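Next come the chains, spelled out residue by residue.
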Amino acid sequence: MSEYSVVQEKTPVFFDRFERKDENQHQTHYCPGCGHGVAHKLIAEALGDLDVQDNTIMVSPVGCSVFAYYYFNTGNVQAAHGRAPAVATALKRSNPGAMVISYQGDGDLAAIGTAEIIHAANRGENITVFFVNNSIYGMTGGQMAPTTLIGQTSTTSPWGRRPNNEGFPIKMSELISTLEAPVYVERVALSDAKHILQARKAVKKALELQKQALDSPWSRFFRPVPPS
């Protein structure tokens, strides 16, 4: 029987130690199954593969996403609740050669920040937005979110989400994809190995597209008008 050695690697895009908590500083603090830890890993690995770590600014607003600055060894700016796309727009326009990432959750992007994400997308801002949708307010007690599914229970919808009372869930990917300016919109899942592999490709593609646009940082002002 051959012997195997366990090899664990951490991308240098992460800090050596995660000081969010006193113990277990080699791992993220996120709740099991929430997806943030996996999403962090995929983004960090893509930034490393593209060699843009020293040129990246992460924007994290209120919610579990705010803790990104404990993990990513990049530029980090904390934004007010829901305002990450607006802050990312300002950062990108003032630093057109930088890689700017907005990292947001469902309560932040799809609720208080709906206007910011829609208008940033409609302007075609050259930023990358990662939307981690748990379909619940996981940080504040499990309340219903704009993306909570029909029939899904929460602390504020104990009978399940009912369209005639709470309305339908907002499908952000479909909503943004109806706009003319966005370059790349894709929904992926982090539920199992197969879907994580698909998510890895999507994350890298989203960042590659922004990196390609760095060669022409002013191209945003000369976006061709689509035919009517």
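Conventions and cut-offs
- Residues numbered from 1 in each chain as written.
- Predicted model: local features only at pLDDT ≥ 70, side-chain atom pairs only at ≥ 80, totals over all residues.
- Heavy atoms only, no water.
- Helix = DSSP H or I, 4+ residues; strand = E, 2+ residues; numbered from the N terminus.
- Rg over C-alpha atoms; globule rule 2.2 N^0.38 Å.
- Buried < 20%, exposed > 50% of the residue type's maximum accessible area, 1.4 Å probe, protein only.
- Contact = heavy atoms within 4.5 Å.
- Areas by Shrake-Rupley, 256 points an atom, 1.4 Å probe, with all protein chains shown as cover.
- Lys, Arg positive; Asp, Glu negative; His and termini not counted.
- Charge placed at Lys NZ, Arg CZ, Asp CG, Glu CD.
- 1 Å grid on protein atoms, 1.4 Å probe; cavity = no way out; pocket = protein on both sides within 12 Å on 5 of 7 lines; lining within 4 Å.
- Points joined across faces, edges and corners; volume = space filled by probe spheres on them.
- Nonpolar A, V, L, I, M, F, W, Y, C, P; charged D, E, K, R; others polar.

A.B. asks: How should the overall build of the protein be read in this particular structure?
C.D. replies: Per the secondary structure count, the protein includes seven helices and four strands. Ordered by position from N to C terminus, the α and β elements of the protein give α-β-β-α-β-α-α-β-α-α-α. Over its C-alpha atoms the protein spans a radius of gyration of 18 Å, differing by no more than 12% from the 17 Å that the globule rule assigns to 228 residues. The principal-axis extent of the C-alpha atoms belonging to the protein is close to 65 × 50 × 35 Å. Among the 228 residues that make up the protein, the fraction classed as buried is 41%. Across the protein, the fraction of contacts at a sequence separation of at least 24, relative to all contacts at a separation of at least 6, is 61%. About 12900 Å² of surface is accessible on the protein, with carbon and sulfur atoms providing 54% of the total. Of note, the protein has its 21 positive side-chain charges centred 6 Å away from the centre of its 21 negative side-chain charges.

A.B. asks: Even after reading the chapter, I still don't get the side chain of Thr 74, so can you show me in this structure?
C.D. replies: Topologically, Thr 74 is positioned in the loop between strand 1 (56-60) and strand 2 (75-78). The contacts of Thr 74, once residues within four sequence positions are left out, are Val 13, Leu 47, Gln 53, Thr 56 and Met 58.

A.B. asks: Even after reading the chapter, I still don't get the layout of surface pockets, so can you show me in this structure?
C.D. replies: In this approach, a probe sized like a water molecule rolls over the atoms, and the result shows the empty space that is left. Taken as a whole, the second largest pocket spans an internal volume of roughly 290 Å³. As for the second largest pocket, its lining consists of 18 residues, and the residues nearest its centre are Gly 63, Gly 107, Asp 108, Tyr 137 and Met 139. Classifying every residue of the lining of the second largest pocket by side-chain character gives seven nonpolar, nine polar and two charged.

Function cannot be read off these values alone, since they describe shape.
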